[in-house]
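Each chain, letter by letter, is given below.
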Amino acid sequence: MFDLIIIGAGPAGISAAYEAKKLNLNYLVIEKGLIADTIYHYPIGLTVFSTTNELEFYEGELKPAREKPTREELLSYYVRFCLENDLNIQTEEEVLNVEKLAENNFKVTSDKSEYEAKNVLFAIGAMQYPRHLNVKGEDLPKVHHRFLETYPWVKKNALVVGGGNSAGEAALFLAQEGANATLATFRKDWEETDPKQGCIKHWVKEPLEEQLEKNCVGVFFLGRVVEIKENEVLLESENGTVENLPNDVIFVLIGADADLTMLKNLGVETKNSKYGEVPIYDEETFETNVSSVYVVGHFTEARHIGGAIEVPKKIVPKIAAKFEKVKSP
Ligand SMILES: Cc1cc2nc3c(=O)[nH]c(=O)nc-3n(C[C@H](O)[C@H](O)[C@H](O)COP(=O)(O)OP(=O)(O)OC[C@H]3O[C@@H](n4cnc5c(N)ncnc54)[C@H](O)[C@@H]3O)c2cc1C
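Given the structure is predicted, the values throughout are model-derived calculations rather than measurements.

Take the overall build of the protein chain next. Helix and strand content of the protein chain: 8 helices and 18 strands. Over its C-alpha atoms the protein chain spans a radius of gyration of 22 Å, differing by no more than 12% from the 20 Å that the globule rule assigns to 329 residues. Taken over the C-alpha atoms alone, the protein chain extends approximately 75 × 40 × 35 Å along its principal axes. Across the 329 residues of the protein chain, 37% fall into the buried class. Once local pairs closer than 6 in sequence are excluded, the contacts in the protein chain between residues at least 24 apart make up 61%.

Printed below as a string of structure tokens:
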């Protein structure tokens, strides 16, 4: 019987594991992919937008060559942190179900085994379901819902669909590295300048505009994507005219959603927020309405890596304190 099972080894799960270890809890992290799997899937060579203080477990540990770390530097830091602290993480094992058997007694079922735990902390992130356009042809192999690298697309006709920073970055990288890239976006997203609205960050937008002036990238103000075909894509413009673009590859980068199924099956209540559906939890303890079920990280309202790391530092000691209360009369 584990004191605490943590589902997911992203920044939130790693932070929770480290706290649990410091407090001598009998804990286990189960991760369906690799350590920091979401970061592993960032585009190769990407420089992240956060500064080091928002990404570190402890100040001064992450020492990037430039002001902000690359994907590789960040990933290396998180992996080394887990190894150097000998955190109890099992990778490539997916949790399929969590069932409450009794108070402080959960059965956690994975694709490899079954476990029992007194507390369960969900740190599952919000990357499970990349959003789809739901148009004809989206199932063609040339359509990707993640962007990893540019080099397979040199001299190819590449279309990026989306209005946020990931889409802007993908279009910029493709244009800079010799693809014939077009960004299909809503005009309101292109013109948005408020970072809180998830706009393209100015250090991406400015070089993108330079590429636009040099005719190295195109921007298509979208009404909707009509259809994707083998060698072309049909786009309806904001004015309602339909254009047929030659096309070799498409990146649909319009966000992703968490999978809240396990939480809902446990009876955890959810609500709609500006981020979409999120679990309801106590703002101090991050415990849900199902006692001893906790949530942290990117599928809560404490988004981004900074929150994903800080919240476990606050709540895992509260979980540990429950055991002390049980021990002392
Ligand atoms: C391209 C890109 C760039 C970004 N740049 C930044 C940035 O600069 N700064 C910033 O703050 N944020 C950035 N983000 C967002 C950032 O990645 C997230 O905020 C961060 O990963 C949240 O950490 P987390 O631990 O909550 O979730 P995640 O890192 O997503 O970790 C969740 C983990 O849970 C695992 N998991 C899910 N379901 C299961 C299951 N059933 N069983 C077992 N394991 C499971 C997943 O495999 C994953 O490893 C960026 C995102 C992208 C896509």
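Now that the structure has been shown, the text picks up again.
Turning next to the site of the ligand. Inspection of the region around the ligand gives 32 residues, with Gly8, Gly10, Val48, Gly125 and Gly297 positioned closest. Listing elements by their share of the shell around the ligand, those giving two or more residues are α1 (11–22), α2 (37–40) and α8 (304–327). Considering each element in turn, the shell around the ligand owes the most residues, 4 residues, to α8. Among the residues making up the shell around the ligand, the classes are represented as 14 nonpolar, 12 polar and 6 charged.

Here the focus is the packing of helix α4 (residues 165–176) against helix α6 (residues 202–213). Between α4 and α6, the shortest axis-to-axis distance is 10 Å and the interhelical angle comes to 40°. Classified by the angle between their axes, α4 and α6 sit oblique to one another. Crossing of α4 against α6: the hand is left-handed. On α6, the residues that touch Asn165, Gly168, Glu169, Ala171, Leu172, Ala175 and Gln176 of α4 are Val204, Lys205, Pro207, Leu208 and Gln211.

The assigned domain composition of the protein chain is domain 1 (2–128 + 258–327) and domain 2 (131–252). Spacing between the C-alpha centres of domain 1 and domain 2 amounts to 32 Å. Between domain 1 and domain 2, the residue contacts involve 5 residues of the former and 8 residues of the latter. Each residue belonging to the side of domain 1 that touches domain 2 can be placed in one class, and the counts come to 4 nonpolar, 1 polar and no charged.

This next bit is on the pairing of strand β4 (residues 95–102). As paired strands, β4 and strand β5 (residues 105–110) are joined by 6 bridges and run antiparallel to one another. Residue pairing in the sheet places Asn97 in a bridge with Thr109 of β5. Counting the residues between successive antiparallel strands, the hairpin from β4 to β5 contains 2 residues, one of them, Asn104, with a positive phi of roughly 55°.

This part takes up the nonpolar core. Membership of the largest hydrophobic core comes to 59 residues, with the highest contact counts inside it found for Ile6, Ala17, Val120 and Val296. Of the residues forming this core, the biggest block, 7 residues, is contributed by α8. Dropping the residues within four chain positions of it, Val120 is found in contact with Ile5, Ile7, Val98, Phe106, Val108, Ser292 and Val293. Core analysis: the next-biggest nonpolar cluster, separate from the first, contains 33 residues, Phe173, Leu174, Ala181 and Leu183 among them.

Here α4 contains 12 residues, and its C-alpha end-to-end distance of 16 Å stays within 8% of the 16 Å for a straight helix at 1.5 Å per residue. Of all the 12 residues making up α4, 10 are buried; the element is thus mostly covered by neighbouring parts of the structure. Looking only at α4, the buried set comprises Ser166, Ala167, Gly168, Glu169, Ala170, Ala171, Leu172, Phe173, Leu174 and Ala175. Packed against the buried residues of α4 are β9 (157–161), β10 (180–185), α6, β11 (217–228) and β14 (249–252).

Across the sheet, 7 strands lie side by side as β8-β14-β9-β10-β11-β12-β13; this open sheet has mixed pairing. Because the sheet does not close on itself, it has two edges, and the strands there are β8 (143–144) and β13 (242–246). Here 5 bridges tie β11 to strand β12 (residues 232–237), and the two strands are oriented antiparallel to one another. Within the sheet, the bridge partner assigned to Ile228 lies in β12 and is Val233.

What counts, and where the lines are drawn
- Residues numbered from 1 in each chain as written.
- Predicted model: local features only at pLDDT ≥ 70, side-chain atom pairs only at ≥ 80, totals over all residues.
- Helix = DSSP H or I, 4+ residues; strand = E, 2+ residues; numbered from the N terminus.
- Rg over C-alpha atoms; globule rule 2.2 N^0.38 Å.
- Buried ≥ 20, exposed ≤ 12 C-beta atoms within 10 Å, placed from the backbone.
- Contact = placed C-beta atoms within 7 Å.
- Near = placed C-beta within 6 Å.
- Nonpolar A, V, L, I, M, F, W, Y, C, P; charged D, E, K, R; others polar.
- Axes fitted to C-alpha atoms, helices over the stretch in contact; angles between N-to-C directions.
- Parallel < 35°, antiparallel > 145°, perpendicular 65-115°, else oblique.
- Left-handed = near helix turned anticlockwise from the far one by under 90°.
- Domains from an automatic or database assignment.
- Pairing = 2+ DSSP bridges.
- Core = buried A, V, L, I, M, F, W, Y, C linked by C-beta atoms within 7 Å.
- Expected span 1.5 Å × (residues − 1).

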